[in-house]
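The primary structure of each chain is shown beneath.
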There are 2 protein chains.
Amino acid sequence: MVTLTRSEEDHLKAVYALLQDGESAFTKDIAARLNTKASSVTDMLKKLAEKGFLKHEPYYGAKLTAKGTAHALTLVRKHRLWETFLVERLSFGWDEVHEVAEQLEHISSPKLVDRLDDYLGNPRFDPHGDPIPDRQGKLRVRKTKRLDTCTTGDTVRIAAVSETTDGLLRLLDSKGLRIGSVLTVQELHAFDGSMDVKPKSGAAFSLSKDVSHHLQVESN
Amino acid sequence: MVTLTRSEEDHLKAVYALLQDGESAFTKDIAARLNTKASSVTDMLKKLAEKGFLKHEPYYGAKLTAKGTAHALTLVRKHRLWETFLVERLSFGWDEVHEVAEQLEHISSPKLVDRLDDYLGNPRFDPHGDPIPDRQGKLRVRKTKRLDTCTTGDTVRIAAVSETTDGLLRLLDSKGLRIGSVLTVQELHAFDGSMDVKPKSGAAFSLSKDVSHHLQVESN
DNA sequence: AATAAATATTAGACGAGACTAATAATCGGA
DNA sequence: TCCGATTATTAGTCTCGTCTAATATTTATT
Ligand SMILES: [Mn+2]
Ligand SMILES: [Mn+2]
Ligand SMILES: [Mn+2]
Ligand SMILES: [Mn+2]
């Protein structure tokens, strides 16, 4: 087995993440995600392609090979398990774990991840509601939709937060929203895309498009 | 605060470790410890000296500054806390943790270490019997002696294993020896430096000099 | 269809961290 | 005390990961 550097792994993970939304992962998007420059990304894509983790079609982005997907899934698994550990066991806030997990996901030990998984009771979802790939790299996908695609009258449960920037998470905290919270859409404002929602208990409030766009919900 | 790279931290830790035995840490010993070349070490010593972590007297080795000692102690603290976590919580063997801790000690998070410390119940010693520096970097030293300096009739308790190579640890396992085991020295063999010892319960057996040299013991 | 804008790649540079080979300093034994 | 062995440093090279600037390609707009 080839071992990848931290930077290679971060690029691989970025490609994986971008492929969740689109057909292909593009240089500029990878660069944006990793706070780096397009030229650096091109170099990395070449290298990862050479090592067989992805196919790079110059000017048309990158797609993962089976090998690349498998490795990306181990990273996602580690990342989410560590986040779960930090929140469940070390009392971190869900807005405080991303950076650390970004480091911890690169720790390479055959035993560590699986032991951690067992220790945590084989959790299915991380603190942000994202599914944790199992030992075999299998990822249980739920059918969720974005809150901003819901319409008046829908009652839904928050399943996941798809962007884990601390600002968003703290905003949700301040509104009392968390994974599992149940909301009813009361009104949509076409002007700014904001929506008024009413939690199960408590007064209704407004959510901007920026927020509702990043909330994955499932029907209640 | 300056942040150090993994390699810089490993060099710093090597210097710290070597200073426990000697007045000064020498290039070749650091190189041996890190499986690298003397010339690489010289470069690193220069860099660490420039950053104020140590004093490098060319041809006469290195000594840590207060800043260097403080940082080394945070690394030792992290290393030993992670080892404790792996053994106590994830059921790793004491011979399986060093490599992983060697990686984990470089994870940089203001919160993580202290939370982990609390989570583990603020342990005083790691799985190899080595003391864990506290939050302030204070290290409680015990007065121990090496088993190979004991004489016939001495009854002692194993306090620590000073070399954590898996081979040694597994050998100890196979003889039923662990931290806290109580032994009586029965006979010394000048020829090869081996000694016969009798555990509290069970038959006496022999320990080579190589082994007894690395066992730190305290009077029972 | 022509051209401007956006995106991507290539070329060339740089610093970090490693190495080998050459040189220098120190140490230890005769 | 001298000389060879040991240890250390310096000089020069290499790879890796990043950057900027120059160039190329694709895409969007008129
Ligand atoms: Mn990462
Ligand atoms: Mn997450
Ligand atoms: Mn290390
Ligand atoms: Mn230890």
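It should be noted that the structure appears before, not after, this text.
Structure report, in brief. Note that the structure is predicted; figures quoted are calculated from it, not measured.

## A few points about the protein's contact with DNA strand C
Right, so step 1: Close to DNA strand C lie 22 residues; K28(A), H56(A), S7(B), S40(B) and K47(B) are nearest.
Right, so step 2: Restricting attention to atoms of DNA strand C within 4 Å of the protein, one finds that 82% of them are sugar or phosphate atoms.
Right, so step 3: Between Y60(B) and DNA strand C, the recorded distance is 3.4 Å, taken from a side-chain N or O atom to a phosphate oxygen.
Right, so step 4: Elements with a contribution of two residues or more to the surface near DNA strand C: α2 (27–34) and α3 (38–50) of chain A together with α1 (6–21) and α3 (38–50) of chain B.
Right, so step 5: If you tally residues by element for the surface near DNA strand C, the top one is α3(B), at 5 residues.
Right, so step 6: Residue composition of the surface near DNA strand C, by class: 7 nonpolar, 10 polar and 5 charged.

## Observations regarding the coordination of the manganese ion (ligand 2)
All names here are of chain A.
Right, so step 1: Surrounding the manganese ion (ligand 2) are the protein donor atoms E83 (OE), D126 (OD) and H128 (ND1), at 2.1 to 2.3 Å.
Right, so step 2: Mapped onto the sequence, the residues coordinating the manganese ion (ligand 2) show the spacing E-x42-D-x1-H. Separated by 43 residues along the polypeptide, E83 in helix α4 (residues 66–88) and D126 in the loop between α6 (110–119) and β3 (145–146) bring together distant segments of the chain.
Right, so step 3: For E83, a relative accessible area of 1% puts it in the buried group.

## Observations regarding the pattern of salt bridges
Residue and element names in this part refer to chain A.
Right, so step 1: Scanning all chains against the criterion turns up 32 salt bridges over all chains.
Right, so step 2: In this structure, D148 engages K209 in a salt bridge whose closest nitrogen and oxygen atoms are separated by 3.7 Å. Taken together, the residues span a long stretch of sequence, with D148 in the loop between β3 and β4 (155–161) and K209 in helix α8 (residues 209–212) at a distance of 61 residues.
Right, so step 3: Given a relative accessible area of 15%, D148 falls into the buried group.
Right, so step 4: According to the relative accessible area criterion, K209 is partly exposed, its value standing at 38%.
Right, so step 5: Within this structure, R77, D114, D117, D118 and R135 form a network of salt bridges that share partners.

## Focus on the nonpolar core
Taken as a class, soluble globular proteins show a tendency for nonpolar side chains to be buried jointly.
Right, so step 1: Formed by 32 residues in total, the largest nonpolar core has its most connected members in F85(A) and F85(B).
Right, so step 2: For this core, the secondary structure elements donating two or more residues are α4, α5 (98–104) and α6 of chain A together with α4 (66–88), α5 (98–104) and α6 (112–119) of chain B.
Right, so step 3: Look past the residues within four positions of F85(B) in its chain and what remains in contact with it is F85(A), L116(A), Y119(A), L90(B), L116(B), Y119(B) and L120(B).

## Brief notes about the packing of aromatic side chains
Right, so step 1: Under the defined criterion, the tally for this structure stands at 6 aromatic pairs over all chains.
Right, so step 2: Ring centres of W82(A) and W82(B) lie 5.9 Å apart, and the angle between their planes is 85°; on these two criteria the pair is classed as edge-to-face. Taken as a pair, W82(A) in helix α4 and W82(B) in helix α4 lie in two separate chains rather than in one. Of the two residues examined, W82(A) and W82(B), each falls in the buried class.

## Quick word on the protein's contact with DNA strand D
Right, so step 1: Around DNA strand D sit 22 residues, and of these T36(A), K47(A), K28(B), T42(B) and H56(B) come closest.
Right, so step 2: Looking at DNA strand D alone, sugar and phosphate atoms form 76% of those within 4 Å of the protein.
Right, so step 3: Taking K37(A), its main chain carries an N or O atom lying 3.2 Å from a phosphate oxygen of DNA strand D.
Right, so step 4: Within the contact set of DNA strand D, a phosphate oxygen lies 3.2 Å away from a backbone nitrogen or oxygen of Y59(B).
Right, so step 5: Breaking the surface near DNA strand D down by element, the ones donating at least two residues are α1 (6–21) and α3 of chain A together with α2 (27–34) and α3 of chain B.
Right, so step 6: For the surface near DNA strand D, the element with the highest residue contribution is α3(A), accounting for 5 residues.

## Topic: the sheet that holds strand β6 (residues 195–199) of chain B
All names here are of chain B.
Right, so step 1: An order of β3-β8-β4-β5-β6-β7 is seen for the 6 strands of this open sheet, with the pairing classed as antiparallel. Here the strands that pair on one side only, and so sit at the sheet edges, are β3 (145–146) and β7 (205–207).
Right, so step 2: Bridge count between β3 and strand β8 (residues 215–219): 2 bridges; the pairing is antiparallel. By the bridge assignment for β8, K145 is matched with V217.

Here is what the cut-offs are and how they apply
Residues numbered from 1 in each chain as written. Chains lettered and ligands numbered in written order. Predicted model: local features only at pLDDT ≥ 70, side-chain atom pairs only at ≥ 80, totals over all residues. Heavy atoms only, no water. Near = heavy atom within 4 Å. Polar contact = N/O pair within 3.5 Å; in protein donor to acceptor, adjacent residues only side chain to side chain. Helix = DSSP H or I, 4+ residues; strand = E, 2+ residues; numbered from the N terminus. Nonpolar A, V, L, I, M, F, W, Y, C, P; charged D, E, K, R; others polar. Donors = N, O, S within 2.8 Å, 3.2 Å for Na, K, Ca; no water. Buried < 20%, exposed > 50% of the residue type's maximum accessible area, 1.4 Å probe, protein only. Salt bridge = Lys/Arg side-chain N within 4 Å of Asp/Glu carboxyl O. Core = buried A, V, L, I, M, F, W, Y, C linked by side-chain atoms within 4.5 Å. Contact = heavy atoms within 4.5 Å. Phe/Tyr/Trp six-rings, centres within 6.5 Å; stacked < 30°, edge-to-face > 60°. Pairing = 2+ DSSP bridges.

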